[in-house]
Amino acid sequence: MSPLDKVVDWNSTSGPAKKIVVITSRLLSDAHRYILRCLSALQTICSCAIFTCISETGHSACPESPLGPDAYREYESFLVQDYEELAGKSLRNSSHAGESTVKESVSAEDEGWSQLTTSEEATPNFSSVASPQKLYGDSVIDLREDVGKKLKVSVHHFPLVLCPFSPRFFVLPSEGSVAEAYLSTEHGNSMSFGLPPISTGTPADGEDVPPGAILTAQFLYHLAAKMDLKLEIFSLGDISKTVGKLLTDMSSLYDVGRRKRSAGLLLIDRTLDLLTPCCHGDSLVDRMFSSLPRRERMSPLSQAKSSQSQLKLGPAYLQRSPLTVQIPLNNSLREETSSFDNFQLVENIEAFLRGWSSRDSTSQMVELVNLSAKLSDEMSSQDFQSDLLCGSFVSTENFHGTPYLEAILERRTKDGAVLIKKWLQESLRRENMSLNLKVRPGYVSKSDLQPMIKALAKSQSSLTKNKGIIQLAAAALYALDESHSAKWDAFNSAEKILNVNAGDTSQSLAAQISDLINKSAFVSSQGNNKMDAQRGLLTLQDALLLTIVGYILAGENFPSSGTVGPFSWQEEHFMKEAIVDAIVENPTVAKLKFLQGLTQDLEANFNRQSEEKKEGLSNTEGVDFDDDDWGSWGDEDAGKDKNKEQVYGDMQLKLELRDRVDNLFKFFHKLSSLKKNISFREWSQALESKFNDDPYSKKGLLYKVLSRVLAKHEVPGLEYHSSTVGRLFKSGFGRFGLGQAKPSLADQDVILVFVVGGINAVEVREAREALSESSRPEVELIIGGTTLLTPNDMFELLLGDCSCV
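Residues numbered from 1 in each chain as written. Predicted model: local features only at pLDDT ≥ 70, side-chain atom pairs only at ≥ 80, totals over all residues. Heavy atoms only, no water.

- UniProt lists a comment for the protein under the heading Sequence similarities (unreviewed entry), and it reads "Belongs to the STXBP/unc-18/SEC1 family." (UniProt positions renumbered as here; feature names shortened; annotations may be inferred.)

Below, the structure written as structure tokens:
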């Protein structure tokens, strides 16, 4: 909420707003300061209804929540108490000191949840009006009286807060508590707080269960209840087994005596296949999400207040990138227009702000005028021009983007682009528009799409009717532009080369990885990273992501090559030296978690060496002996000592850097040992017998699992979670021949697949392919995941702030 939201009641004849509804996907304790901000902004609210997607059990089970089993009732009393305290303090301060801010009115030493309002964001003040009375139409409201009245608060459970990309594919909200709760604690088998740990066959039990597993189980339970489904639960991976057990315990009593539609739930750990999301696969949707700008995220207060002890134990929440993309429609629709319209828009904004703010305080008025001046200054920048007109994948006016997005999810990059061109042509025919374009079948370029987008957006009515396809076409145009596609294609080529070398020898794969690191170091030392991206050149971070891909491939192809890792000591030594040299040559690009505490020293060392080189070059240009030089003739020892100190400092820094890189390679060894545990080795061997052909070997784990499940072949490591009634039949009545047969996932008419840790669009397409190729293509397949993963997200999870390096 911001003060601009008051404009809604500007000319309202129904009087001021008395009720407010808040819907949140976060824990109530995290949403608290934002709810207080809404209430203090509107000031006249008497009733507040809050809907959260996290149940009371989820709140009490999450260690970050201060609420207990009766979480909703507890929060109702907390909110009323803090609201009245905040309002009372603001009014007292206004009577003593005139205009004041909430930051001044709430002391940092105060205990309780009131501290949550002391954020860096500007929270509207109860005393923001010049007098305690405010005019709404013909009625005058005394704010002092309103604050005295008791605020009525009610909290309800609203479980269906999710992000559907299509009717058959969804993920959890990127900034919601379920998606951001950590899935692993820091121990030997952990790789990232946002990914399940390496499966060892012994699922977490009791207090070791991470909050992410608990909240995911709660979400799936309530989702199945709302869909009126009785789940037959199957799991693959340790965390998935934990989630399956929690689900079984929750649903066993609830399902007794109820007639519900049966459905199969397949839970899979993301760590069983890290290769697929790390690679740049053939998917237009993945390209779009990797290239399009995202909305800036709002950090929860718990992250801002994190202490050193919290950092050691791991973050309370993950920093996931928001899924809200901002399609720059301005680039496609208004490229040829003059900047006069933009300046006219700024003048209109300023006039509007002055008009509605005429009765507001002077400080707010100055703030708003400064905002318009800032807009005027930034009009020439490309970033602002693109922000003037931003689109999304689904047009909220008529939701016509939904079927388009669903269709391209199941297509490869080229097929998806051709399909978008076909939709644009159909839309032009419906609008009776004709363009003199040379249409080349089976090929899509910028010159094909842009004229059609501009023609459809020419009139207001056409733009409104066809907004769904216009936005999707603009996103495809942006993703396929050379400045963004060049790097994706470079990654794709490098990954193919690594795949080829992985089929040869460990020496050739190690040499290829070292070569990629050396090239990235050379590219980074030449200068601009933005120019590198446009030319499709890879940086050091890109080379490290490819090193991860190389180590996973090496673990699959050379499991017994080295004593610790898949490579020999000499092969690893060359890779380590290449990374050390790359970081020393350009430390500014290596702001990674495993270098925390060293980055500043590396940058200082690099700057000092650069200055010494410059001084050395300038000194060689002309040698001049003066009296000062002769005066220090006998001080050689002082100079030697200084040089020794510098050499010792450089050596110490390099040794520390080598230690950090050694720890990084221990992490790479973890990645290469993902498939060394017994159950997964059996699983891999079982796959090799069926998926040895070329088309299958390129597929991800999800495709292989579904293909075997739908063909009714055994999947080693797949566990079935029977209900309480099922266990009773198995153990008790089973002795009398009343045993219950184990259900098959392939016999279900509805199959829900959920990947714990995240999923990408390539896997969604492959899952649909597995279904269409099976003997039961009529099965209703619903796919879900913790979040949508791009290769950049995987880099952040494995080597960024959320990693366990």
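Back to the write-up after that little detour.
### Details of the overall build of the protein
Thinking step 1. Of the regular secondary structure elements, the protein holds 35 helices and 14 strands.
Thinking step 2. Out of the 805 residues in the protein, the part that is buried amounts to 50%.
Thinking step 3. Within the protein, contacts between residues separated by at least 24 positions form 78% of all contacts whose residues are at least 6 apart in sequence.
Thinking step 4. Only carbon and sulfur atoms are counted for the fraction: they give 52% of the accessible area of the protein, which is about 39500 Å². (Helix = DSSP H or I, 4+ residues; strand = E, 2+ residues; numbered from the N terminus. Buried < 20%, exposed > 50% of the residue type's maximum accessible area, 1.4 Å probe, protein only. Contact = heavy atoms within 4.5 Å. Areas by Shrake-Rupley, 256 points an atom, 1.4 Å probe, with all protein chains shown as cover.)

### Considering the nonpolar core
Thinking step 1. Membership of the largest hydrophobic core comes to 67 residues, with the highest contact counts inside it found for F169, M288, F393, I408, I420, L424 and L472.
Thinking step 2. At nine residues, the largest contribution of residues to this core is made by helix α21 (residues 467–480).
Thinking step 3. Looking at which domains feed residues into this core, each of domain 2 (163–280 + 700–799) and domain 3 (327–356 + 388–480) gives three or more.
Thinking step 4. Counting 63 residues, the second largest nonpolar core, distinct from the first, contains M191, A494, L516 and C802. (Core = buried A, V, L, I, M, F, W, Y, C linked by side-chain atoms within 4.5 Å. Domains from an automatic or database assignment.)

### Considering the packing of aromatic side chains
Thinking step 1. This model, assessed by the stated rule, comprises 12 aromatic pairs.
Thinking step 2. Considering the side-chain rings of F51 and F158, the 6.3 Å spacing of their centres and the 80 degrees angle between planes classify their relative orientation as edge-to-face. In this pair, F51 sits in strand β2 (residues 47–52) while F158 sits in the loop between β5 (152–157) and β6 (163–166), placing the two residues 107 residues apart along the sequence.
Thinking step 3. Residue F51 is classed as partly exposed on the basis of its relative accessible area, which comes to 25%.
Thinking step 4. Taking 4.7 Å as the distance between ring centres and 50 degrees as the angle between the ring planes, the aromatic pair formed by Y404 and W423 counts as tilted. Pair noted here: Y404 is in helix α17 (residues 401–409) and W423 is in helix α18 (residues 413–430), with a separation of 19 residues, a long-range link. For the pair shown, Y404 and W423 are each scored as buried.
Thinking step 5. Taken together, the ring pairs connect Y551, F567, F665 and F668 into an aromatic cluster.
Thinking step 6. Cation over ring: K699 sits above Y703, and NZ or CZ is 5.0 Å from the ring centre. (Phe/Tyr/Trp six-rings, centres within 6.5 Å; stacked < 30°, edge-to-face > 60°. Lys NZ or Arg CZ within 6 Å of the ring centre and 35° of its normal.)

### Let's talk about a nonpolar patch on the surface
Thinking step 1. Judged by side-chain polarity, V21, I23, F158 and L160 come together as a nonpolar surface patch covering roughly 370 Å² of accessible area.
Thinking step 2. Its place among the elements puts L160 in the loop between β5 and β6. (Patch = residues over 30% accessible without salt bridge, like charges linked within 9 Å, V, L, I, M, F, W, Y side chains within 5 Å. Salt bridge = Lys/Arg side-chain N within 4 Å of Asp/Glu carboxyl O.)

### Quick notes on the packing of α17 against α18
Thinking step 1. Contact geometry for α17 and α18: axes closest at 9 Å, N-to-C directions at 150 degrees. Between α17 and α18, the angle falls in the class roughly antiparallel. Crossing handedness for the pair α17 and α18: right-handed. Residues Y404, A407 and I408 of α17 touch α18, and the partners they reach there are G416, L419, I420, W423 and R430.
Thinking step 2. Among the residues making up the contact of α17 with α18, the classes are represented as six nonpolar, one polar and one charged. (Axes fitted to C-alpha atoms, helices over the stretch in contact; angles between N-to-C directions. Parallel < 35°, antiparallel > 145°, perpendicular 65-115°, else oblique. Left-handed = near helix turned anticlockwise from the far one by under 90°. Nonpolar A, V, L, I, M, F, W, Y, C, P; charged D, E, K, R; others polar.)

### Overview of the packing of α18 against helix α19 (residues 446–456)
Thinking step 1. Axis separation between α18 and α19 bottoms out at 10 Å; the angle between their running directions is 35 degrees. For α18 against α19, the interelement crossing comes out left-handed. Two secondary-structure elements touch here, α18 through K421, L424, Q425, S427 and L428 and α19 through D448, L449, M452, I453, A455 and L456.
Thinking step 2. Residues that form the contact of α18 with α19 fall into these classes: seven nonpolar, two polar and two charged.

### A closer look at the sheet that holds strand β1 (residues 19–24)
Thinking step 1. Strand order across the open sheet formed by three strands is β1-β2-β5, with parallel pairing between neighbours. The two strands at the open ends of the sheet, each matched to only one other strand, are β1 and β5. Taking each pair of neighbouring strands and ignoring which way they run, the sheet shows an average axis angle of 15 degrees.
Thinking step 2. As judged from the six bridges shared by β2 and β5, these two strands associate in the parallel manner. Across the sheet, residue C48 finds its bridge partner in β5, namely V153. (Pairing = 2+ DSSP bridges.)

### Let's talk about the environment of T588
Thinking step 1. Residue position: T588 is located in the loop between α26 (569–585) and α27 (599–621).
Thinking step 2. Look at T588 and you get partly exposed, because its relative accessible area is 46%.
Thinking step 3. Between the alpha carbons of T588 and F606 there is a distance of 9.4 Å; along the sequence they are 18 residues apart.

### Comments concerning the sheet that holds strand β14 (residues 780–785)
Thinking step 1. The seven strands lie next to each other as β6-β7-β14-β13-β9-β8-β12, forming an open sheet whose pairing is mixed. Lying at the two open borders of the sheet, with one neighbouring strand each, are β6 and β12 (719–721). Sheet twist, expressed as the average angle between the axes of neighbouring strands with direction ignored, equals 25 degrees.
Thinking step 2. The pairing of strand β7 (residues 169–171) with β14 spans three bridges and is classified as parallel. Paired with V171 across the two strands is G785, which belongs to β14.
Thinking step 3. In this fold helix α8 (residues 238–251) packs onto β8 (229–236), β9 (261–269), β12 and β13 (750–756), with an angle of close to 150 degrees to the strand it touches most, β9.

### Let's talk about the environment of P66
Thinking step 1. Relative to the helices and strands, P66 is located in the loop between α2 (56–61) and α3 (71–97).
Thinking step 2. For P66, a relative accessible area of 48% gives the class partly exposed.
Thinking step 3. Spatially, the C-alpha atom of P66 lies 7.3 Å from that of S29, the residues being 37 residues apart in sequence.

### Section: unusual backbone geometry
Thinking step 1. Positive phi outside glycine occurs at D228, with the angle close to 60 degrees.
Thinking step 2. Overall, the relative accessible area of 34% leaves D228 in the partly exposed class.
Thinking step 3. At N432, a position not held by glycine, the phi torsion is positive, near 55 degrees.

### Some thoughts on the confidence of the model for the protein
Thinking step 1. Per-residue confidence for the protein averages 75 on the pLDDT scale, and 67% of its residues sit at or above 70.
Thinking step 2. When mean pLDDT is compared element by element in the protein, β13 scores highest at 95, while helix α12 (residues 308–313) scores lowest at 36.
Thinking step 3. Scored below 50 in pLDDT, residues 379–387 makes 16 contacts in the model with residues more than four places away or belonging to other chains.
Thinking step 4. Predicted confidence is poor over residues 691–696, with pLDDT under 50, and the contacts of this stretch with residues over four places away or in other chains come to eight contacts. (pLDDT = per-residue confidence, 0-100.)

### Describing the pairing of β13
Thinking step 1. Within β13, seven of the seven residues are buried, leaving the element largely enclosed by the surrounding structure.
Thinking step 2. The alternating pattern of β13 places V750, L752, F754 and V756 and I751, V753 and V755 on opposite faces, both of which are buried.
Thinking step 3. By the bridge criterion, six bridges tie β9 to β13 in an arrangement that is parallel. Paired with L265 across the bridge in β13 is L752.
Thinking step 4. Since β13 and β14 lie parallel, the crossover through helix α34 (residues 761–773) that links them has a hand, and here it is right-handed. (Right-handed = clockwise from strand over helix to strand, strands pointing away.)

### A word on the pattern of salt bridges
Thinking step 1. Applying the stated criterion across every chain yields a total of 26 salt bridges.
Thinking step 2. Residue E232 is joined to K230 by a salt bridge in which the shortest nitrogen-to-oxygen separation is 3.3 Å.
Thinking step 3. Residue class for E232 comes out buried when judged on its relative accessible area of 11%.
Thinking step 4. Note that R765 and E769 form a salt bridge whose closest N and O atoms lie 3.0 Å from each other. Remark: E769 and R765 occur in helix α34; sequence separation between them is four residues, near one turn of the helix. The burial state of R765 is the same as that of E769; both residues are buried.

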